[in-house]
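One letter stands for each residue in the lines below.
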Amino acid sequence: MASSHDPNSIEAEVEAFQNQVVDKFHALSSAGHDDILSLSWVRNLLDVFICCQEDFRVVLLNNEPCMRRAPMDRLIRELYDRSVKALDICNAIRDGIEQIRQWQKLMEIILSALDSEKKHLGEGQFRRAKKALTDLAIGMLDEDSSSALARGRWSFGRHSASSSSSKGKKLAHFRSLSWSVSRSWSASKELQVMANNISAPKGNDISATNGLAVAVYTISCVLLLVMWALVAAIPCQDRGLQAHFSIPRQFVWAAPVLSIHEKILEEKRERKNACGLLKEIHQTEKLTRQMTVLFDSLQFPLSQDKEAEVRQKVGELGQVSEKLKDGLDPLELLVREVFNRIVRSRTDLLDSIGKGTE
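Conventions and cut-offs
- Residues numbered from 1 in each chain as written.
- Predicted model: local features only at pLDDT ≥ 70, side-chain atom pairs only at ≥ 80, totals over all residues.
- Heavy atoms only, no water.
- Helix = DSSP H or I, 4+ residues; strand = E, 2+ residues; numbered from the N terminus.
- Buried < 20%, exposed > 50% of the residue type's maximum accessible area, 1.4 Å probe, protein only.
- Contact = heavy atoms within 4.5 Å.
- Areas by Shrake-Rupley, 256 points an atom, 1.4 Å probe, with all protein chains shown as cover.
- Phe/Tyr/Trp six-rings, centres within 6.5 Å; stacked < 30°, edge-to-face > 60°.
- Axes fitted to C-alpha atoms, helices over the stretch in contact; angles between N-to-C directions.
- Parallel < 35°, antiparallel > 145°, perpendicular 65-115°, else oblique.
- Left-handed = near helix turned anticlockwise from the far one by under 90°.
- Nonpolar A, V, L, I, M, F, W, Y, C, P; charged D, E, K, R; others polar.
- Expected span 1.5 Å × (residues − 1).
- Disulfide = S-S within 2.5 Å.
- Salt bridge = Lys/Arg side-chain N within 4 Å of Asp/Glu carboxyl O.

Participant: Even after reading the chapter, I still don't get the overall build of the chain, so can you show me in this structure?
Facilitator: Assigned secondary structure in the chain consists of twelve helices and zero strands. Sequence-ordered secondary structure for the chain, helices as α and strands as β, is α-α-α-α-α-α-α-α-α-α-α-α. A total of 358 residues make up the chain; the buried ones form 50% of that total. When contacts within the chain are restricted to residue pairs at least 6 apart in sequence, those whose partners lie at least 24 apart make up 81%. Just so you have it, the chain exposes about 16900 Å², and 50% of that area is on carbon and sulfur atoms.

Participant: Explain the packing of aromatic side chains here, please?
Facilitator: How two aromatic rings sit relative to each other is given by the distance of their centres and the angle of their planes. The final tally for this structure, using the stated rule, is six aromatic pairs. With centroids separated by 6.0 Å and ring planes inclined at 45°, the aromatic side chains of Phe-17 and Phe-56 adopt a geometry described as tilted. Pair noted here: Phe-17 is in helix H1 (residues 7-29) and Phe-56 is in helix H2 (residues 39-62), with a separation of 39 residues, a long-range link. Accessibility assignment for this pair places Phe-17 and Phe-56 in one class, buried. Taken together, the ring pairs connect Phe-126, Phe-295 and Phe-300 into an aromatic cluster.

Participant: Explanation requested: the packing of helix H7 (residues 187-196) against helix H9 (residues 212-233) in the structure shown.
Facilitator: Two measures define how a pair of helices packs: the angle their axes make with one another and the distance between the axes. Between H7 and H9, the shortest axis-to-axis distance is 10 Å and the interhelical angle comes to 165°. By the criterion of interaxial angle, the relationship of H7 to H9 is roughly antiparallel. In this structure, H7 crosses over H9, and the sense of that crossing is left-handed. Residue-level inspection shows Ala-187, Leu-191, Met-194 and Ala-195 of H7 in contact with H9, the latter providing Leu-223, Leu-224, Met-227, Trp-228 and Val-231. Considering only residue class, the contact of H7 with H9 consists of nine nonpolar, no polar and no charged.

Participant: Help me out: how do you make sense of helix H4 (residues 123-139) in this one?
Facilitator: Along an α-helix, residues three or four apart share an orientation, since each turn contains 3.6 residues. With 17 residues, H4 ought to run about 24 Å at 1.5 Å a step, and its terminal C-alpha atoms sit 24 Å apart, in line with that. Looking only at H4, the buried set comprises Gln-125, Phe-126, Ala-129, Ala-132, Leu-133, Asp-135, Leu-136, Ile-138 and Gly-139.

Participant: Would you mind showing me how to read the side chain of Ser-220 here?
Facilitator: With respect to the element layout, Ser-220 can be found in helix H9. Aside from chain neighbours lying at most four places away, what touches Ser-220 is Leu-79, Arg-82 and Ile-198.

Participant: Can you help me understand the state of the cysteines in this one?
Facilitator: Linking two cysteines covalently via their sulfur atoms produces the bond known as a disulfide. Enumeration over the complete set of coordinates arrives at zero disulfides. With no disulfide of its own, Cys-52 lies closest to Cys-51 among cysteine sulfurs, the gap being 6.9 Å. With relative accessibility at 0%, the residue Cys-52 sits in the buried group.

Participant: Would you mind going over the packing of helix H3 (residues 72-113) against H7 with me for this structure?
Facilitator: For the pair H3 and H7, interaxial distance at closest approach is 9 Å and the crossing angle is 160°. One finds that H3 runs roughly antiparallel with respect to H7. Handedness of the H3/H7 crossing: left-handed. On H7, the residues touching Arg-82, Lys-85, Ala-86, Asp-88 and Ile-89 of H3 are Glu-190, Leu-191, Val-193 and Met-194. Classifying every residue of the contact of H3 with H7 gives five nonpolar, no polar and four charged.

Participant: What should I look at first to understand unusual backbone geometry in this one?
Facilitator: The bulk of non-glycine residues show a negative phi, and the bulk of peptide bonds are trans. Cis rather than trans, the peptide bond between Ala-70 and Pro-71 has omega equal to 5°. Within the element layout of this structure, Pro-71 appears in the loop between H2 and H3. Note the cis peptide between Phe-300 and Pro-301, where omega equals 0°. When you line up the elements, Pro-301 lands in the loop between helix H11 (279-296) and helix H12 (304-355). With a phi angle near 70°, Leu-37 is a residue other than glycine that sits in the positive phi range. Among the secondary structure elements, Leu-37 is positioned in the loop between H1 and H2.

Participant: Would you mind going over the environment of His-261 with me for this structure?
Facilitator: Mapping His-261 onto the fold places it in helix H10 (residues 254-270). Discounting chain neighbours no more than four positions away, the residues touching His-261 are Leu-225, Trp-228 and Phe-245.

Participant: Could you clarify how one ought to interpret the pattern of salt bridges in this entry?
Facilitator: On inspection of all chains with the given rule, the structure shows 23 salt bridges. The closest approach of N and O atoms between Glu-332 and Arg-94, which form a salt bridge, is 3.8 Å. Placement of Glu-332 in helix H12 and of Arg-94 in helix H3 is noted, with a sequence separation of 238 residues between them. Of the charged contacts, one joins Arg-311 and Glu-307 as a salt bridge, the two residues approaching to 3.0 Å between their closest N and O atoms. Residue Arg-311 and its partner Glu-307 are both found in helix H12; the two are separated by four residues, about one turn of the helix. One continuous salt-bridge network, built from bridges that share partners, spans Arg-94, Glu-98, Arg-101, Asp-329, Glu-332 and Arg-336.

Next up, the structure:
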């Protein structure tokens, strides 16, 4: 439904849009500690972004003539530049999801080797499981650590001991399955560029646009938070989280958005060297360490206590593996949908601005 372009009507639309953002992000920020950054929570975050993006698009298209006047034309072009960065991040995140899929396949090898239906667990089964476990541990190295390790293996691998060469090849194999972006690309830099030119609209811009400048600022902050959270959760090239994030408290949606930001930062502080803050990645890392220590302590034939301990850890790994298997495809579809929605919104907005120049 087209807007009458009455100032009061536009302001009412912007206020309604902001209230929608408040409601949706309040629900996300109210999630418990164990739910924040879980696969299901990240999917909910992307669902919320898609809804906010569509609401924002409708507000602007309802007020299309305003898009061609200063300062809205400038604000829209700045948003366009941010959205280009967001598209690059979406592509990198899809690579990261594929990386996690490879880890999940290794988990399935471990589970198959130590199948709970087998009456006895022999040395051959453990050798197969331990090989997959070692590959999994190497593949889950933090990106900064793995980059350094990969460079070290490449520089010295041909002359080093065979074990070092083998580990280097495994690491190179895992990295080759992902990272379709160039090696110079940096998620951290993309986020910083997105954040650097986001500033709260001044009073004269708000009055000149009848509040539409506030809508642009709102969706810009939402876009930045969502991309930042994705980079935090999913393995991604140079995934530093130093982007400046400051929102004046007078915006009604500031509290839940800043609450999510702070909770993710707290998680980052607790897990400084994690390859991704996704809860299921954390569970996998933890189980990988525990199972490595357990496997190294085993003597054959296994005692009943040790076998029971192994089966317990295998059961826990199976639960995490199932969550990943069921959750990664829907997550990737949502990332693709976010990508498409951003493209669609950019196209519509640029068309709106372009009509004024024809």
